[in-house]
Every structure is written in structure tokens, then in C-alpha cells.
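So the chains spell out like this:
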Amino acid sequence: MTTILGIETSCDETAAAVVIDGRDIRSNVVASQADLHAQYGGVFPEMASRAHIEQIYGVVRAALNQANTTLDGIDAIAVTRGPGLPGSLVVGANMAKGLALGHPGLPIIGMNHLEGHVYSLWLAGPEYRYTPGEVPSTEFVPIHFPVVVLIVSGGHTELLLMNEHGQYQRLGGTIDDAAGEAFDKVGRLLGLPYPGGPSIQKAAAGGNSAAFDLPRVWLRGDHGEQNYDFSFSGLKTAALRLLRSIAPGYDPEHPGAVPLPVADLAASFQAAVVEVLVGKAIRAAEAHNASEILIAGGVSANSLLRAEMIRQARRPVRVPPLSLCTDNAAMIATAGYYRFLSGQRDSAGFDIRPNWPLA
Ligand code: KG4
Ligand code: ZN
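Keep in mind it's a predicted model, so treat the numbers as computed, not measured. (Residues numbered from 1 in each chain as written. Chains lettered and ligands numbered in written order. Predicted model: local features only at pLDDT ≥ 70, side-chain atom pairs only at ≥ 80, totals over all residues. Heavy atoms only, no water.)

(A) Just the overall build of the chain, in detail. A count of helices and strands for the chain gives eleven helices and eleven strands. For the chain, whose C-alpha radius of gyration is 21 Å, the value lies close to the compact-globule estimate of 21 Å for 359 residues. Each of the 359 residues in the chain was classed as buried or not, and the buried ones make up 54%. Working note: accessible area of the chain is about 15100 Å², and carbon and sulfur atoms make up 51% of it. (Helix = DSSP H or I, 4+ residues; strand = E, 2+ residues; numbered from the N terminus. Rg over C-alpha atoms; globule rule 2.2 N^0.38 Å. Buried < 20%, exposed > 50% of the residue type's maximum accessible area, 1.4 Å probe, protein only. Areas by Shrake-Rupley, 256 points an atom, 1.4 Å probe, with all protein chains shown as cover.)

Structure follows, in C-alpha cells:
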């Protein structure tokens, strides 16, 4: 039995969790700063690191307490090393180093945040594996490689092929804005509360996704063939142009000042993003004969993305439970468990890696 303490502070969530054998979540504590940043309409890095400093000690204590254990019962600490905000990452890294200093022999494993998102799928129950036309199994079905993984969050959009634990081949990714960033920016244009993703999904529920024609950017390589990269910044520009044309007097600084068909706009925007994400992930899965498609990251909470991927994939699709889509430390602990098994141990002098690519 291997017990890992996970610590995550890469962005605006201060999180700690205790997970046994990469699967059994004994505690999963998340202190979100969403309310703090909402007033600025986005994450304010300076405020984020200060809030992490205030929260980290209590969050780690709570995770150990809720798991009914102490550091003596922990085999290793898995802590997010990057990518993320430097001032936020150092808080978690220093916490882990401090704990290890007080417990000689307790290993630290520096984790890639994106790998954490990937491993949220190893924590998902059997009901989160969808096979068209089949009743979900009641037992966890092991994940067989190769799988195609789509990571979609506020900071990242990555399409990966995974052939083994800990091995990632990058098929493509965003060349400008991340998918979640596009949701957040367009949410702001529509005058919806931050973060934009959940707000747009909610607003879109009563809307017509065919009301407005927003661009689907498929991107092509040198020989005209579609590639696996994404571009979402043009969508924001197109949304702004559309708003100016349908609502005379529209001012992005005061989006609420003129009446807008928010539901139709939200639904049309959401459909445009989802169509491209689903189309490319499925093409990648077919090209590489993936046994399943895994979706992770904050945007994987999106109900249209889930529904369309499941409807079109022609192979099983796995999504994390909503509580594991956004940043948390259970996913870091689970990814850390597989790193622990592979023998990884990091020295106490390790540095953070704010721009650390996964592949
Ligand atoms: O993974 P995450 O918590 O943080 C990062 O590592 O970036 O993802 C946060 C992102 C935000 O951009 C948020 O708007 C988006 O995930 N998001 C959603 C939904 N829930 C969260 N986007 C679309 N639909 C949702 N339901
Ligand atoms: Zn994340």
C-alpha cells in the first residue's frame, strides 16, 4: 500500500489530498480563490500567491486530518512543479520542502500539472466511462494504451497520444488562446460572471446554437492537410465584431449597457469551440487507433463537450467527475503514485518550472 500526499498551488486553487495506491481518495481539500479573482475578471497573480501562503498550511493539515493520518503515514509528497504561475508554484514547492525537511527520508516528487489532469481519469469511477449504446460497467475498467487525451483548461489546450504511463506524444495544441481562456474572454464580452466557462454553459442552456455563425478554425499544415493544432483567439475577435454589428452602441467595457441575445450568443460560441475540439480529438483517435478518448481539465466539465464527444467518438470516452475537472491535488497524488512506482525521487533543491511542457 502506497500513500501519497498531493499538493497543488499552480494557479488559483490551494489544494492538498491523500490518495492510496493512485485510486482511493482519502481526502481532497480545495480552497478556491475564484471569488477573490472574480472582481478582477481573471486571476491576479500577486493576489493568488498571497492567498496560497495564507491557505496552504491549513489545507495540508486538513487533508492529513481528514485522511486520519500524519506525515508518518505518508510514503511520498507529490507536488506541482509547473506549469503555472511562478509566485503560486513556489508556495506549494516550499511547503513540500519544509515538510520533507522535518521528516528526513520522506521523498518529494515534482509533478507536471498537466500530467495531474491526465491522471484525474484514473480516479474516475466506472460510471465515467461512456460507450455508445452500452450500460456502463459497475467495476472500474482498466485503461488500455494507447489512448488519446484532450486536456482543455484555462491555461492549456493539448492533444496527446499516451502509449504508456508517463509517456506523452504531443499531437497538437493551441497556437494562441486556451479553450478555457476563450470561454473566459467571451464570457466577459457577454457581461457574464467570471469564470466564463460555467457561465456560458448556463446561459447557453436556453439558446439556439445555430443563431449566429461563428468561425470553426481547423488549421492546416504545409500540404493543406488538417493538423491537430487549435486557434481560439480569432473566435473572440469574431464574437466582438458580431456584438458590435448586432448591438449598436455595444461597448466591451460595459457589456450590460445594451440588450444582447446572450443565450443565443453563448450557445453559438460554445458550439463552435466544441465542434473543433471534438472533431480533432476523434480524428486523432482514429489515426492512432486509440482504445479510448480521455478528456481532462476545467473545460472537460462542459456538458456539450462531453455529450458530443460521447455521441461521435465510436469508442469509449472517459471524463472525470466534475469535482476532479478543475484543479485539485488528488489528481497530482495519483499521477505522483505512478511516478513513485517508476522510481522518481526529486532532491530537496528542486526548482519550479513555470513553463514546463508535458511532452
Ligand atoms: O483546469 P482549470 O481549473 O484551471 C487551469 O489549469 O486552467 O480550468 C479552469 C477553466 C476556466 O477557463 C473555466 O472557464 C473553464 O475551465 N471551465 C469551463 C467549464 N467549467 C470550467 N469551460 C466550459 N464549460 C464549463 N462547464
Ligand atoms: Zn489545471
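(B) The arrangement of the coordination of the zinc ion (ligand 2) in detail. Within the protein, the atoms that donate to the zinc ion (ligand 2) are His113 (NE2), His117 (NE2) and Asp327 (OD), at distances of 2.0 to 2.2 Å. Here the zinc ion (ligand 2) is ringed by four donor atoms whose angles at the metal span 93 to 144°, and the overall shape comes out irregular. Expressed as a motif, the donor residue spacing for the zinc ion (ligand 2) is H-x3-H-x209-D. Of this pair, His113 and His117 both sit in helix H4 (residues 113-119), separated by four residues, roughly a single helical turn. The burial state of His113 is the same as that of His117; both residues are buried. (Donors = N, O, S within 2.8 Å, 3.2 Å for Na, K, Ca; no water. Tetrahedral: all angles 85-135°; square planar, octahedral: opposite > 155°, others 65-115°.)

(C) The sheet that holds strand E2 (residues 13-20), seen in detail. What the five strands build is an open sheet, ordered E3-E2-E1-E4-E5; its pairing is mixed. Each end of this open sheet is capped by a strand with a single partner; those strands are strand E3 (24-32) and strand E5 (108-112). When strand polarity is set aside, the average angle formed by the axes of neighbouring strands in this sheet is 20°. Taken together, the four bridges between strand E1 (residues 3-8) and strand E4 (residues 76-82) define a ladder with parallel strand orientation. (Pairing = 2+ DSSP bridges. Axes fitted to C-alpha atoms, helices over the stretch in contact; angles between N-to-C directions.)

(D) Focus on the packing of aromatic side chains. With the rule as written, the count across this model stands at seven aromatic pairs. Cluster of aromatic residues (ring-pair linked, three or more members): Tyr119, Trp122, Phe145, Tyr337 and Tyr338. For Arg23, the ring lying beneath its charged end belongs to Phe140, and the centroid distance is 4.0 Å. The aromatic ring of Phe230 is capped on one face by Lys280, whose charged end is 5.7 Å from the ring centroid. (Phe/Tyr/Trp six-rings, centres within 6.5 Å; stacked < 30°, edge-to-face > 60°. Lys NZ or Arg CZ within 6 Å of the ring centre and 35° of its normal.)

(E) Structural context of helix H6 (residues 196-204). Looking at H6, one finds that the buried residues are Gly196, Gly197, Ser199, Ile200, Ala203 and Ala204. Angularly, the buried residues of H6 cover 165° about the axis, an arc narrow enough to put them on a single face. Projecting away from the buried face of H6 at angles above 90 degrees are the exposed residues Pro198 and Lys202. Its buried side turned inward, H6 meets helix H5 (179-189) and helix H8 (262-287). (Arc of directions from axis to C-beta. Contact = heavy atoms within 4.5 Å.)

(F) Looking closely at the site of ligand 1. If you check the shell around ligand 1, you find 19 residues, and the closest are Gly154, Asp184, Gly197, Gln201 and Asn302. At a separation of 3.0 Å, an oxygen atom of ligand 1 approaches a polar backbone atom of Gly298. Out of a free accessible area of 560 Å², ligand 1 has 90% covered by protein chains. For ligand 1, the cavity whose grid points lie within 2 Å of the majority of its atoms is the largest pocket. Counting only domains with at least three residues in the shell around ligand 1, you end up with domain 1 (3-123 + 325-341) and domain 2 (127-319). (Near = heavy atom within 4 Å. Polar contact = N/O pair within 3.5 Å; in protein donor to acceptor, adjacent residues only side chain to side chain. 1 Å grid on protein atoms, 1.4 Å probe; cavity = no way out; pocket = protein on both sides within 12 Å on 5 of 7 lines; lining within 4 Å. Sits in = over half its atoms within 2 Å of the grid points. Domains from an automatic or database assignment.)

Read these as geometric descriptors, not functional statements.
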